[in-house]
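Observations on the model geometry
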Amino acid sequence: MRLTVRLFSPKSVVRACTLGAVLLGATLPTATVRADETKAQPVSFPETVVDDVFDAVTSPLNADEIFSGASSWVSPPEQSQAGDHHGGNRRGKADKHAPAGLMAAHVHKQGEWMVEYKYMNMYMDDNKIGTRSISDTASMGMPAPPPPPGLTVNGIRTNAGATPTDMTMEMHMVHLMYGVTDDVSVYTMLMFPSLTMDHIRGFGNMAGGGPGSPFTTHNSGIGDTSFGALVKLFDDEDDDLLLNLGFSVPTGNLYETSTAPTAGAVSQPLPYPMRKGSGTFNAKPGITWRHYAEQGSFGAQFQTDLPIGRNYRGYSVSDTFQLNFWYSHLLTDNVALSVRLENLWKSNYHGADPETNDVLISTNVESFRGGYSLNLGLGVAALIKGHLFNSEFVPTLYQALNGIQLETDWTFVTSWSKSF
Ligand SMILES: [Cu+2]
């Protein structure tokens, strides 16, 4: 495995050849003798490379020796790099993990465990149609529409039963990693979402206090569980290239009901964003490049989340694509500040749960799930006696949403982790 992946590294190839040449040279003492003999010839060159090149051409046995000599100028002695090669000193500073809002951007040394607890809070307030924010009453269809009640967006009438006004999406995450080799780490992540959505009733809803009256739905418990392997495709002193072979299994429930919208009268399934799981197995491949400099580090990551097939309710959640760039600056070896730019694309849902009536509320509409977001991340990481505290505030800079949806205002992520 390791040799195969190492072949991608030109430096590693040179190192492997150097090692091979040294070993060959040690087992072929005649090569050294021949070199001495050649130097003693009347037609002699100064003791330079030219001499060795001449030897190499005239004597195949000396090809190994010349390679050994030549590569020792282009590649520093092997031992001087050993400390940094597999996550040594430079990868052990406060910027060793990506900003808190990202995952899957580092590997561990063979035999090393990591345990992490991460908390995320995403806050969404007010609705957007496309790129335009609208008021809560406008999202009900105000000024009061002629019957039938509701608001028509993209030819779909919705929000007759209620409109969401804001949502808090919290996620508790338990993340374990283990270094199988220096180049492959495996991980799992357990997720515990806690979802709260505030609404006002629409013009077609006479329950509770009638149109304009508020209600809240809440859902929490076990979410989907991620597993995966992070494979180091390439590294050198200053760079890591990591492939994430991730997937998730549908351990989160997706069908739960609430009577809150009708003030206890009718039990209805919770709409899509209030569900804890996707119901599908998801492929989550990604790739991360990191570059370490003396005072900081750069990173770029492309990460996906792709549901496979449809779940038992007959739909699949968004295909998600994230492209991130960040820079972490070391104030000291133990404190880093980071800035990150995130591009996030989500597709609409595919298929449909037959019990999600579009007319009732916009969160039931499959074609109102996708969009593009541009987010800024401002992070701080502190390494205190081996404990890494990593936090990031992520305001949304720009959003273009399909149909009408709650807009994301900001996300806050904080984590504690320890390797041992
Ligand atoms: Cu880790």
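Calculation criteria
Residues numbered from 1 in each chain as written. Predicted model: local features only at pLDDT ≥ 70, side-chain atom pairs only at ≥ 80, totals over all residues. Helix = DSSP H or I, 4+ residues; strand = E, 2+ residues; numbered from the N terminus. Buried ≥ 20, exposed ≤ 12 C-beta atoms within 10 Å, placed from the backbone. Contact = placed C-beta atoms within 7 Å. Pairing = 2+ DSSP bridges. Core = buried A, V, L, I, M, F, W, Y, C linked by C-beta atoms within 7 Å. pLDDT = per-residue confidence, 0-100.

**Observations regarding the overall build of the protein chain**
Across its full length, the protein chain holds seven helices and 20 strands. Counting over 420 residues, the protein chain shows a buried share of 35%. Of the contacts made within the protein chain by residues no fewer than 6 positions apart, 68% connect residues no fewer than 24 positions apart.

**Digging into the pairing of strand β1 (residues 113-129)**
Judged from the 13 bridges that link them, β1 and strand β5 (residues 162-179) form a sheet pairing that is antiparallel. Residue pairing in the sheet places Val-115 in a bridge with Leu-176 of β5. One ladder, built from 14 bridges, connects β1 with strand β20 (residues 404-419); its direction is antiparallel. By the bridge assignment, Asn-127 is partnered in β20 with Leu-406.

**Looking at unusual backbone geometry**
A positive phi is found at Ala-104, a non-glycine position, where the angle reads about 60°. By secondary structure assignment, the location of Ala-104 is in the loop between α6 (82-85) and β1. Residue Ala-104 is classed as buried on the basis of its 27 C-beta neighbours within 10 Å. Residues other than glycine seldom take positive phi values, yet Asp-126 does so here, at roughly 75°. Here Asp-126 lies in strand β1.

**Examining the nonpolar core**
The nonpolar side chains of a soluble globular protein tend to be buried, and buried together. Formed by 14 residues in total, the largest nonpolar core has its most connected members in Ala-98, Leu-102, Ala-104, Ala-105, Tyr-187, Leu-230 and Leu-242. Setting aside residues up to four positions removed in sequence, Ala-104 forms contacts with Leu-230, Asn-244, Gly-246, Gly-286, Thr-288 and Gln-303. In terms of nonpolar packing, the next biggest core, distinct from the first, is built from twelve residues, Val-153, Ile-200, Ile-361 and Phe-368 among them.

**Quick word on the pairing of strand β8 (residues 225-235)**
Here strand β6 (residues 184-201) pairs with β8 via six bridges, running antiparallel. Among the inter-strand pairings, Tyr-187 is bridged to a residue of β8, identified as Gly-228. Bridge count for β8 against strand β9 (residues 239-249) is ten bridges, and the pairing is antiparallel. Opposite Val-231, over in β9, you have Leu-243 as the bridge partner.

**Thoughts on the environment of Ile-384**
On the secondary structure map, Ile-384 appears in strand β18 (residues 371-384). The spatial distance from the C-alpha of Ile-384 to the C-alpha of Val-335 is 8.9 Å, given a sequence separation of 49 residues. When near neighbours in sequence (up to four residues on either side) are disregarded, Ile-384 contacts Asn-334 and Phe-389.

**Here's the deal with the environment of Ala-265**
Note that Ala-265 resides in the loop between β10 (257-258) and β11 (268-269). For the pair Ala-265 and Ala-207, spaced 58 residues apart in sequence, the C-alpha to C-alpha distance is 7.8 Å. The contact partners of Ala-265, leaving out residues within four places of it in the chain, are Ala-207 and Thr-259.

**A word on the environment of Ser-185**
Mapped onto the secondary structure, Ser-185 falls in strand β6. For Ser-185, a count of 25 C-beta atoms within 10 Å gives the class buried. Residues Ser-185 and Val-231, spaced 46 residues apart in sequence, show a C-alpha to C-alpha distance of 6.7 Å. In this view, Ser-185 contacts Val-107, His-108, Met-177, Tyr-178, Gly-179, Val-180 and Leu-230; residues no more than four positions away in its chain are not counted.

**Overview of the confidence of the model for the protein chain**
Across the protein chain, pLDDT averages 84, with 79% of residues at or above 70. Contacts of residues 1-87 to residues separated by more than four positions or lying in other chains number 71 contacts, the stretch itself having pLDDT below 50.

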